[in-house]
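What follows is the residue order along each chain.
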Amino acid sequence: MIDDDKKAAAVAAVAEVRDGMLVGLGTGSTAAFAIQALGDRVAQGLQIRAVVTSEASGKLARELGIEILDFATIAHVDLTIDGADEVDPRCFAIKGAGGAMLREKIVAASSARMVVIADGSKRVDRIGAAKLPVEVLPFAGAYVMRVLTEMGAAPITRDNYRTDQGNLVIDCHFATLDAPRATAATLAAIPGILGHGLFLDEVDAAYIATDGVVTRLERTGASD
């Protein structure tokens, strides 16, 4: 049932894609449903190009006949579609279970519009229960772990895992996340942290499916 909801949310989001768009494709199990749905539309004649946030997403997209461009040459994306580990009514999201949050945030920042897709279990009143991943330069691993521990983040380094950039992912488990903007600013200021999974300004809308019924949330402009 959860996979059915992921697919329903993905199909609803992909309906936003129009001929001629440059589309950003996210990473993870839910994003894969969006790539599949987009591939189906391309097979039916939709003319688009795409950029991807991970090698895995690129492999799947190419297999489905989607033309992939090198994002390093791209300054502007029309629409990005991605998954989320948590999303709340403010369209604040936690992302990064798939380890691609740094690339995902860069592509999102370049996009005129970003939508996330999720099954109903990912919809929360306020983000903060999900683990919050940070991408860390290996050189800084021990130092960053110390600082995160002092912050009360209960950090755990993912075992035997490196991002597509060759970096570590450290998952933080905050007891509460009452001030997400302040937490995001603190994390961004720690030398050695290259990115984190708090998406506070990037998400414009969320498609969330529960028992086959898709609800769309649009950003309301909440500040914190």
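Described below are features of the structure shown in this document.

The rules behind each value
Residues numbered from 1 in each chain as written. Predicted model: local features only at pLDDT ≥ 70, side-chain atom pairs only at ≥ 80, totals over all residues. Heavy atoms only, no water. Helix = DSSP H or I, 4+ residues; strand = E, 2+ residues; numbered from the N terminus. Rg over C-alpha atoms; globule rule 2.2 N^0.38 Å. Contact = heavy atoms within 4.5 Å. Core = buried A, V, L, I, M, F, W, Y, C linked by side-chain atoms within 4.5 Å. Buried < 20%, exposed > 50% of the residue type's maximum accessible area, 1.4 Å probe, protein only. Salt bridge = Lys/Arg side-chain N within 4 Å of Asp/Glu carboxyl O. Pairing = 2+ DSSP bridges. Axes fitted to C-alpha atoms, helices over the stretch in contact; angles between N-to-C directions. Parallel < 35°, antiparallel > 145°, perpendicular 65-115°, else oblique. Left-handed = near helix turned anticlockwise from the far one by under 90°. Nonpolar A, V, L, I, M, F, W, Y, C, P; charged D, E, K, R; others polar.

**Observations concerning the overall build of the protein chain**
Line of reasoning, step 1. Along its length, the protein chain carries six helices and 14 strands.
Line of reasoning, step 2. For 224 residues, the compact-globule estimate of 2.2 N^0.38 gives 17 Å, and the protein chain sits close to it at 17 Å.
Line of reasoning, step 3. Over its C-alpha atoms, taken along the principal directions, the protein chain stretches across nearly 55 × 35 × 30 Å.
Line of reasoning, step 4. In the protein chain, the proportion of contacts linking residues at least 24 apart, taken out of those at least 6 apart, comes to 76%.

**Some remarks on the nonpolar core**
Line of reasoning, step 1. Val17, Leu25, Leu38, Ile48, Ile66, Ile81 and Ile117 are the most contacted members of the largest nonpolar core, which has 27 residues in total.
Line of reasoning, step 2. Contributions of two or more residues to this core are made by helix H1 (2-14), strand S1 (22-25), helix H2 (29-43), strand S2 (49-52), strand S4 (77-83), strand S7 (111-119) and strand S13 (205-210).
Line of reasoning, step 3. Looking at this core element by element, the count peaks at five residues for H2.
Line of reasoning, step 4. With residues up to four places along the chain from it excluded, the contact list for Leu25 reads Ile35, Leu38, Ala50, Val51, Val52, Thr53, Ala61 and Ile81.
Line of reasoning, step 5. Membership of the second largest hydrophobic core comes to 24 residues, among which are Val124, Ala130, Leu168 and Ile190.

**Points about unusual backbone geometry**
Line of reasoning, step 1. The phi torsion at Ala154 lies on the positive side, around 45°, for a residue other than glycine.
Line of reasoning, step 2. As for its placement among the helices and strands, Ala154 is situated in the loop between helix H5 (141-150) and strand S9 (156-157).
Line of reasoning, step 3. Here Asn160, not a glycine, exhibits a phi torsion of approximately 50°, which is positive.
Line of reasoning, step 4. Given a relative accessible area of 85%, Asn160 falls into the exposed group.

**What about the pattern of salt bridges?**
Line of reasoning, step 1. Throughout the structure, instances matching the rule amount to 14 salt bridges.
Line of reasoning, step 2. For Asp201, the salt bridge identified is with Arg181, shortest N-O distance 2.8 Å. Here the residue Asp201 occupies a position in the loop between strand S12 (198-199) and S13, and Arg181 occupies one in helix H6 (residues 180-188), the gap between them amounting to 20 residues.
Line of reasoning, step 3. Look at Arg181 and you get partly exposed, because its relative accessible area is 27%.

**Details of the pairing of S7**
Line of reasoning, step 1. The element S7 is extensively covered by neighbouring structure, given that seven of its nine residues are classed as buried.
Line of reasoning, step 2. Sheet topology places S4 next to S7; six bridges connect them, and they run parallel. When the bridges of S7 are listed, Leu79 appears paired with Arg113.
Line of reasoning, step 3. Sheet topology note: the S7/S13 ladder contains five bridges and is parallel.

**A word on the sheet that holds strand S6 (residues 93-94)**
Line of reasoning, step 1. Read from one edge of the open sheet, three strands run S5-S6-S12, paired in antiparallel fashion. Looking at the sheet topology across the chains shown, the edges are occupied by strand S5 (86-87) and S12.
Line of reasoning, step 2. Bridge count between S6 and S12: two bridges; the pairing is antiparallel. Directly across from Ile94, in S12, lies its bridge partner Leu198.

**Some remarks on the packing of H2 against helix H3 (residues 55-63)**
Line of reasoning, step 1. Two numbers describe how H2 lies on H3: the axes approach to 9 Å, and their chain directions differ by 25°. When the axes of H2 and H3 are compared, the pair comes out roughly parallel. Crossing of H2 against H3: the hand is right-handed. In this structure, H2 uses Ala32, Ile35 and Gln36 to contact H3, whose residues at the interface are Ser57, Leu60 and Ala61.
Line of reasoning, step 2. When the residues that make up the contact of H2 with H3 are grouped by side-chain class, the tally is four nonpolar, two polar and no charged.

**Looking at the pairing of strand S8 (residues 132-136)**
Line of reasoning, step 1. Among the five residues that make up S8, five are buried, leaving the element largely enclosed by the rest of the structure.
Line of reasoning, step 2. Of the two faces of S8, the one carrying Leu132, Val134 and Val136 and the one carrying Pro133 and Glu135 are both buried.
Line of reasoning, step 3. The pairing of S8 with strand S11 (residues 193-196) spans three bridges and is classified as antiparallel. Directly across from Glu135, in S11, lies its bridge partner Gly195.

By themselves these figures say nothing about function.
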